[in-house]
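# Examining the three-dimensional arrangement
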Amino acid sequence: MRWVRIAIVAVFVLAAASAALAGSLAAPRGETTAVAVADPPDLSATAEIRRMFMKPGQVAVAVTNHGDAPVRVRGVELLTESFAPSGVQEFDTEVPPSVNARDMFIQYGAANCPDGVDTKAEPASVVLQVATEDGAEHTVNLELSYPNGTLDRLVREACAAQAVASAARIELGELTAAADGTLEGRLSVTPLGEAALEVTEVRGSVLFEIHAGASTPEAGGVTVPLVFDAHRCDGHVVGDAKHPFGFTAWIAIGGGEPVATPIDVPEDRREALWTMLDARCAERE
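To start, this report covers the structure provided alongside it. This one's a predicted model, so the numbers in the text were calculated from it and none came from an experiment.

## Structural notes on the packing of aromatic side chains
A complete count under the given rule lists 7 aromatic pairs for this structure. On the numbers, 4.5 Å between centres and 45 degrees between planes, the contact of Phe 83 with Tyr 108 is tilted. Highlighted residues: Phe 83 in the loop between strand E3 (71–80) and strand E4 (89–95) and Tyr 108 in the loop between strand E5 (102–107) and strand E6 (124–132), separated in sequence by 25 residues. Both residues of the pair, Phe 83 and Tyr 108, belong to the buried class. Members of the aromatic cluster, joined through ring pairs, are Phe 208, Phe 228, Phe 245, Phe 247 and Trp 274.

## Observations concerning the layout of surface pockets
In this structure, the largest pocket occupies an estimated 1400 Å³ of space. If you trace the largest pocket, you find 41 residues lining it, with Arg 51, Pro 56, Glu 157, Thr 248 and Pro 262 closest to the centre. When residues of the lining of the largest pocket are traced back to their parent elements, those giving at least two are helix H2 (149–167), strand E15 (248–253) and strand E16 (259–262). Per-element tally for the lining of the largest pocket: the top contributor is H2, with 8 residues. The class makeup of the residues in the lining of the largest pocket is 22 nonpolar, 9 polar and 10 charged.

## Quick word on the environment of Thr 200
Positionally, Thr 200 belongs in strand E11 (residues 197–203). In this view, Thr 200 contacts Trp 250 and Pro 258; residues no more than four positions away in its chain are not counted.

The rules we used
Residues numbered from 1 in each chain as written. Predicted model: local features only at pLDDT ≥ 70, side-chain atom pairs only at ≥ 80, totals over all residues. Heavy atoms only, no water. Phe/Tyr/Trp six-rings, centres within 6.5 Å; stacked < 30°, edge-to-face > 60°. Helix = DSSP H or I, 4+ residues; strand = E, 2+ residues; numbered from the N terminus. Buried < 20%, exposed > 50% of the residue type's maximum accessible area, 1.4 Å probe, protein only. 1 Å grid on protein atoms, 1.4 Å probe; cavity = no way out; pocket = protein on both sides within 12 Å on 5 of 7 lines; lining within 4 Å. Points joined across faces, edges and corners; volume = space filled by probe spheres on them. Nonpolar A, V, L, I, M, F, W, Y, C, P; charged D, E, K, R; others polar. Contact = heavy atoms within 4.5 Å.

Structure (structure tokens):
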């Protein structure tokens, strides 16, 4: 019986050795067994404008997760010839499975304007750096629709601003209190070249309304008398206003179409406007 047991053990040892040899032959020296890599998540993206939440020079990249598990966005980069590269912008935002998109607000670079104010956006894509629940990292390149109305609008606005900046100097003068508690000031638009300038409209912001008078020629340019008043006094509106001084003037250059142009508001004018808003809102309580 002892010899029978020895024979059985020998058979098992021989079988194990044969299996090891077969494995070494199947996997050549220096190679490792391949590990399955998870597929990238099923995502899509669009470019959107969210005026209530965006800072100047921003676009919202709206990401939709079509899968069945959440993903975490670590970085977003916009790729297009229409704007100077701004690189990967860091995030730490979870995008759950849903038909509703999650916005990522990113800065875009200076616009390229080969056709001036008539420039349209070139094809664009966004690159997302994302992590899935299993800890895997993925780089997902998503083409944006083309033509793209959102990017066309941003390019048009940026190129128009460049055109106005090269043609005019725009200054908001000192603000003084009027008898009724509003503020009065003057908007001066001075040409930097030979083109004639015209201010066709001036608009206020979510908090401040602006009443513009008739423009008059002055020093080769034009000036527009302005009256500032409180527009909204709701506590939540005042507290949540992202761009309280987002004032805009429409300026026509050389008889062309008026171009929307932001008005820079110096710090001392901002302080005067806040003071006026507090006083006017107190009167309405």
